[in-house]
Number of protein chains: 2
Amino acid sequence: MARQLEGNMMIAQSGGPSAVINQSLIGAVREARRQRRIHRIFGARHGIKGILGEQLLDLGRESDATLQAVAATPSSALGSVRKKPTPEDCVKIFEVLRRRNVRFFFYIGGNDSAETAYIISEEARKADYEMRSFHIPKTIDNDLRENDHTPGFGSAARFVASALQGIDLDNRALPGVHISVVMGRHAGFLTAASALGRRRTDDGPHLVYLPERPFDMDRFLVDVKKVYDRLGRCIIAVSEGIADADGTAIAAKFSKETDSHGNVQLSGSGALGDLLANEIKAKTGISRVRSDTFGYLQRSFPGAISVTDAKEAAAVGAVAVRQAVRAAQDGSIAIRRGRGRAYRVTFECVPLRNVARETRHMPDNFIAPAGNDVTPAFIRYAMPLVGPLPEIGWFKGKPVK
Amino acid sequence: MARQLEGNMMIAQSGGPSAVINQSLIGAVREARRQRRIHRIFGARHGIKGILGEQLLDLGRESDATLQAVAATPSSALGSVRKKPTPEDCVKIFEVLRRRNVRFFFYIGGNDSAETAYIISEEARKADYEMRSFHIPKTIDNDLRENDHTPGFGSAARFVASALQGIDLDNRALPGVHISVVMGRHAGFLTAASALGRRRTDDGPHLVYLPERPFDMDRFLVDVKKVYDRLGRCIIAVSEGIADADGTAIAAKFSKETDSHGNVQLSGSGALGDLLANEIKAKTGISRVRSDTFGYLQRSFPGAISVTDAKEAAAVGAVAVRQAVRAAQDGSIAIRRGRGRAYRVTFECVPLRNVARETRHMPDNFIAPAGNDVTPAFIRYAMPLVGPLPEIGWFKGKPVK
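What counts and what doesn't
Residues numbered from 1 in each chain as written. Chains lettered and ligands numbered in written order. Predicted model: local features only at pLDDT ≥ 70, side-chain atom pairs only at ≥ 80, totals over all residues. Heavy atoms only, no water. Axes fitted to C-alpha atoms, helices over the stretch in contact; angles between N-to-C directions. Helix = DSSP H or I, 4+ residues; strand = E, 2+ residues; numbered from the N terminus. Parallel < 35°, antiparallel > 145°, perpendicular 65-115°, else oblique. Left-handed = near helix turned anticlockwise from the far one by under 90°. Contact = heavy atoms within 4.5 Å. Nonpolar A, V, L, I, M, F, W, Y, C, P; charged D, E, K, R; others polar. Pairing = 2+ DSSP bridges. Domains from an automatic or database assignment. Buried area = accessible area lost by both parts, 1.4 Å probe. Expected span 1.5 Å × (residues − 1). Buried < 20%, exposed > 50% of the residue type's maximum accessible area, 1.4 Å probe, protein only. Arc of directions from axis to C-beta. Least-squares fit on C-alpha atoms with pLDDT ≥ 70 in both. Phe/Tyr/Trp six-rings, centres within 6.5 Å; stacked < 30°, edge-to-face > 60°. Lys NZ or Arg CZ within 6 Å of the ring centre and 35° of its normal. Salt bridge = Lys/Arg side-chain N within 4 Å of Asp/Glu carboxyl O. Polar contact = N/O pair within 3.5 Å; in protein donor to acceptor, adjacent residues only side chain to side chain. Core = buried A, V, L, I, M, F, W, Y, C linked by side-chain atoms within 4.5 Å.

Residue and element names in this part refer to chain A. The geometry of helix H8 (residues 217–231) relative to helix H9 (residues 271–284) is characterised by a closest axis approach of 10 Å and an angle of 70° between their N-to-C directions. Judged by the inter-axis angle, H8 sits roughly perpendicular to H9. Our pair here, H8 against H9, has a crossing hand that is right-handed. Contacts between H8 and H9 involve Met217, Phe220, Leu221, Val224 and Lys225 from the first element and Leu275, Leu276, Glu279, Ile280, Lys283 and Thr284 from the second. For the contact of H8 with H9, a count of residues per class yields 7 nonpolar, 1 polar and 3 charged.

Have a look at this one:
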């Protein structure tokens, strides 16, 4: 474009880490190194906190070997933050950016991070400071609008699907009821991924509860009893975000902690799983009831990264940099899926406000009518993002008479 | 030997599943197929329960492809049980074994399972029924006597070590206190494995609490505060079996459920982690405190199997069968480590009663004097069992001035 913007670059990571958020960071850094108009590459530690406090790393001087190693490492190598900038923060941020001659700003994260990139973009516009502000999508929740899916989801989904394969096998060996509590505040995609490893008709999870449908304890207990009576066991996947008909998260009844975006802490506690397990024990008479809360394992486990997810995460980082250098507008990079039979994605630049704040939920056709399972349409949607799961073997033989 | 025992074989799995217990099962089955003196191979469903109820699979007729697939699959493919046979059970078991002309009996499991094999061995002797009764070792707890280590431990340790790498990276991004609750009733080996992925001097876990040392809440809080004040964060690994100076498990205070071996249920609940997290919040003033209980993930996750563990698990199964056919005595197969620099194991047949009932603990030289960490000797001991862990990358660069 006509602007010929030229200068330094600032990049930072925000919100909950994922297994591939460093792929996006390194994808952007590598692309920036190839861009003549980008001079220095500053990495801010812990998101906007690192800009405010000028805790910056010179990412242009890292070796290729380091970049490669960091890309393959889960969690946010620059550190992260859950902080929404106040108007005063924004003034200070611009002081830093202007002084550092930053003309390209990239913020990697979810919808809260897109909002931050949007606020900074607006402040830059108001201050008449010429700068490209870009959001690079990341969230294991898969809940960003405009996106077919988001980097981070595929790997977290791979962990959850593999975990449920293992838990189902474990429960076949020692039958009972097992509850897995999966991350996902408002969107059930990650909990839904628990079903991706099912092969046999009686494989678990047998029941899947998502935040998109009101959670009713009595119906839940009836569901569990029914599966247990039929199979002698019952595997359940529950989103940490399940809420009653009034919209109150069941887990929120145990937590008073909130971040500056107003989000109540749901993770990092086994309370929801234990509550559900105790209800089942008390009301159905089933004795062996266990619950596991996947917690931080599902977003930072280094051994379950989806190859497709890693590739796409690197690509959105690189595309954001190319777009920022070439285009005269700010934006977020959205992943779109091609219409053909074969899995194929394209990347599009969309306005920041389209991705900021509000989130996306599971569409109705991904949720079974009874509200306690996913549909084959969801399985078809999610499988390419996760990649081939571990093979499960079982004996075929007839019983000895 | 002179006996020339010949007839059918019965094999079963017992106790908590592991990621490689099927390797032992299939290792035994494949070896049995090569043995002329073993005719039919019966697999009992759910341990002795399947013998008592005559729920048997004909494992001699499974295809090679099935055997290969089952071997690579976590958890107990025949099903498991936590049942100690009563004297009446034993009478019934012998009825079945005699009627089926079973002369080779194999029971895969931990010390409780070795005890079962011992009881059956004794009953066979008293009944003057000629039969080889063998225990094949398995336990993620790594607590069998006579063994340098046990099949199942390496893979569970690999999961725990990888998980802590991820949790440490996650906590670097969003600092605070994180508690991981790891399985292990009386032995701390698996919790100790949390330290295997440490690379940098400030990598977590920073504190490791084992059941081998009395757990003191006040000292724990002081430890946590000290690390937190130094690093601004603190990663803790705690065994589910930590107990106070009187020997009462902290987690047992929340559980009333026991199995027929008298073991109190410790897993399948987040209560211990939540208790510790709440204590830290209340007493130290640190606000971001999270806990994750690894639960069933750590013993049946299909994506974190140690190659060495899988090989050795298959070997102990095969060795048990060869031993049973050749020798005139019953026993358990123990893994011994060679004295040289290079990692090398041998397999020895030891008396069943040496492995039954009592368990082994972490030796003192594996536990740091302060009682809140492991030693380099433990790391050297455990690394070959786990194999190379995921590489972790980090930025080397100097901060921008």
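Still more ground to cover, so stick around.
Before going further, it helps to spend a moment on the sheet that holds strand S11 (residues 345–350) of chain B. A sheet is described by the order of its strands in space; here 8 strands give the open sequence S12(A)-S3(B)-S2(B)-S1(B)-S4(B)-S5(B)-S10(B)-S11(B), paired in mixed fashion. With partners counted over all chains shown, the strands left at the sheet margins are strand S12 (399–400) of chain A together with S11 of chain B, one partner each. Judged from the 3 bridges that link them, strand S2 (residues 38–44) of chain B and strand S3 (residues 56–58) of chain B form a sheet pairing that is antiparallel. Following the sheet pairing, Phe42 of chain B is matched in S3 of chain B by Asp58 of chain B.

Residue and element names in this part refer to chain A. Domain boundaries in chain A define domain 1 (7–151 + 304–355) and domain 2 (155–303 + 361–386). On a C-alpha basis, the centroid separation for the pair domain 1 and domain 2 is 31 Å. At the interface, 24 residues of domain 1 touch 24 residues of domain 2. Area buried by domain 1 at its contact with domain 2 is led by Arg82, Ile140 and Ala304, which between them contribute 30% of it. A breakdown of the residues in the side of domain 1 that touches domain 2 according to their chemical character gives 8 nonpolar, 7 polar and 9 charged.

Residues and elements named next belong to chain A. In a regular helix each residue adds 1.5 Å, so 13 residues correspond to 18 Å; helix H4 (residues 87–99) covers 19 Å between its end C-alpha atoms and thus fits that length. By the burial criterion, the buried members of H4 are Asp89, Cys90, Ile93, Phe94, Val96 and Leu97. End-on view of H4: buried residues confined to an arc of 160°, all on one side of the axis. Among the exposed residues of H4, those pointing more than 90 degrees away from its buried face are Glu88 and Arg99. Structurally, H4 contributes buried residues whose contacts are with strand S1 (7–13), helix H2 (48–52), strand S4 (102–109) and helix H5 (111–126). Where H4 ends, the next residue or the one after it, Asn101, has phi of about 55°, a positive value.

Below, the discussion takes up the relation of the copies chain B and chain A. Turning chain B through 180° and shifting it by 0.0 Å along the axis lays it on chain A, with an RMSD of 0.0 Å. These values place the two chain copies in the arrangement generated by a two-fold rotation axis. Of every C-alpha in chain B, the one belonging to Gly270 of chain B sits nearest the axis of rotation, 2.1 Å from it. Of the residues that chain B buries at the interface, 100% are likewise interface residues in chain A, meaning the two copies contact each other through the same surface.

For the rest of this paragraph, the subject is the packing of aromatic side chains. Taken as a whole and assessed by the stated rule, the structure comprises 27 aromatic pairs over all chains. Aromatic side chains Phe378 of chain B and Tyr381 of chain B sit 6.1 Å apart centroid to centroid with 40° between the ring planes, which places their arrangement in the tilted category. Here Phe378 of chain B and its partner Tyr381 of chain B are both found in helix H13 (residues 376–386), 3 residues apart, which amounts to about one turn of the helix. We note that Phe378 of chain B, like Tyr381 of chain B, is buried. Pairwise contacts between aromatic rings join Phe159, Phe294 and Phe301 of chain A together with Phe159, Phe294 and Phe301 of chain B into one cluster. Note that Arg100 of chain B overlies the ring of Phe42 of chain B, its terminal NZ or CZ placed 5.8 Å from the centroid. The lysine or arginine in question, Arg103 of chain B, covers the ring of Tyr129 of chain B, its NZ or CZ lying 4.4 Å from the ring centre.

Between chain B and chain A, the contact holds 79 residues from the first and 79 residues from the second. For the pair chain B and chain A, the summed buried surface comes to about 5,600 Å²; carbon and sulfur atoms form 60% of the total. Area buried by chain B at its contact with chain A is led by Tyr296, Phe395 and Val400 of chain B, which between them contribute 14% of it. Summed over the shared surface of chain B and chain A, the number is 2 salt bridges. We note a salt bridge from Arg299 of chain A to Asp170 of chain B, for which the minimum N-O separation is 2.7 Å. Our enumeration of links across chain B and chain A arrives at 28 residue pairs in polar contact (both at pLDDT 80 or more). Mapped onto the side of chain B that touches chain A, the elements with two or more residues apiece are helix H1 (21–34), S2, S3, helix H3 (64–71), helix H6 (153–173), helix H9 (271–284), strand S9 (289–293) and helix H10 (297–300) of chain B. Sorting elements by how many residues they give to the side of chain B that touches chain A places H6 of chain B first, with 10 residues. Tallied by class, residues from the side of chain B that touches chain A come to 34 nonpolar, 26 polar and 19 charged.

The tendency in soluble globular proteins is for nonpolar side chains to be buried side by side. Of all hydrophobic cores here, the largest spans 76 residues; its most connected members are Phe159 and Phe378 of chain A together with Phe159 and Phe378 of chain B. Counting residues per element, the ones that place at least two in this core are helix H6 (153–173), helix H7 (189–192) and helix H13 (376–386) of chain A together with H6, helix H7 (189–192) and H13 of chain B. Those residues in contact with Phe378 of chain A, other than ones at most four positions away along the chain, are Phe189, Ala192, Ala193, Leu196, Met362 and Phe366 of chain A.

As a further point, take the sheet that holds strand S7 (residues 207–209) of chain A. Adjacent strands of a sheet pair through backbone hydrogen bonds, lying either parallel or antiparallel. Residue and element names in this part refer to chain A. With respect to topology, 4 strands assemble into an open sheet ordered S7-S8-S6-S9, the strand pairing being parallel. Each end of this open sheet is capped by a strand with a single partner; those strands are S7 and strand S9 (289–293). Shown here is a sheet whose adjacent strand axes are inclined to one another by a mean of 15°, direction ignored. Direction of pairing for S7 relative to strand S8 (residues 234–239): parallel, over a ladder of 3 bridges. Counted as the bridge partner of Val208 is Ala237 from S8. With respect to the sheet, H6 is in contact with strand S6 (177–182), S8 and S9, its orientation differing from that of S6 by roughly 170°.

This part takes up the packing of H1 of chain B against helix H11 (residues 307–326) of chain B. Residue and element names in this part refer to chain B. Between H1 and H11, the least distance of the axes is 7 Å, while the angle of their chain directions is 40°. Judged by the angle between their axes, H1 and H11 are oblique. Seen from above, H1 lies across H11 with right-handed handedness. The segment H1 lies against H11, with Gln23, Ser24, Gly27, Ala28, Glu31 and Ala32 engaging Ala310, Ala313, Ala314, Val316, Gly317, Ala318, Val321 and Arg322. Looking at the contact of H1 with H11 residue by residue, the class counts come to 8 nonpolar, 4 polar and 2 charged.

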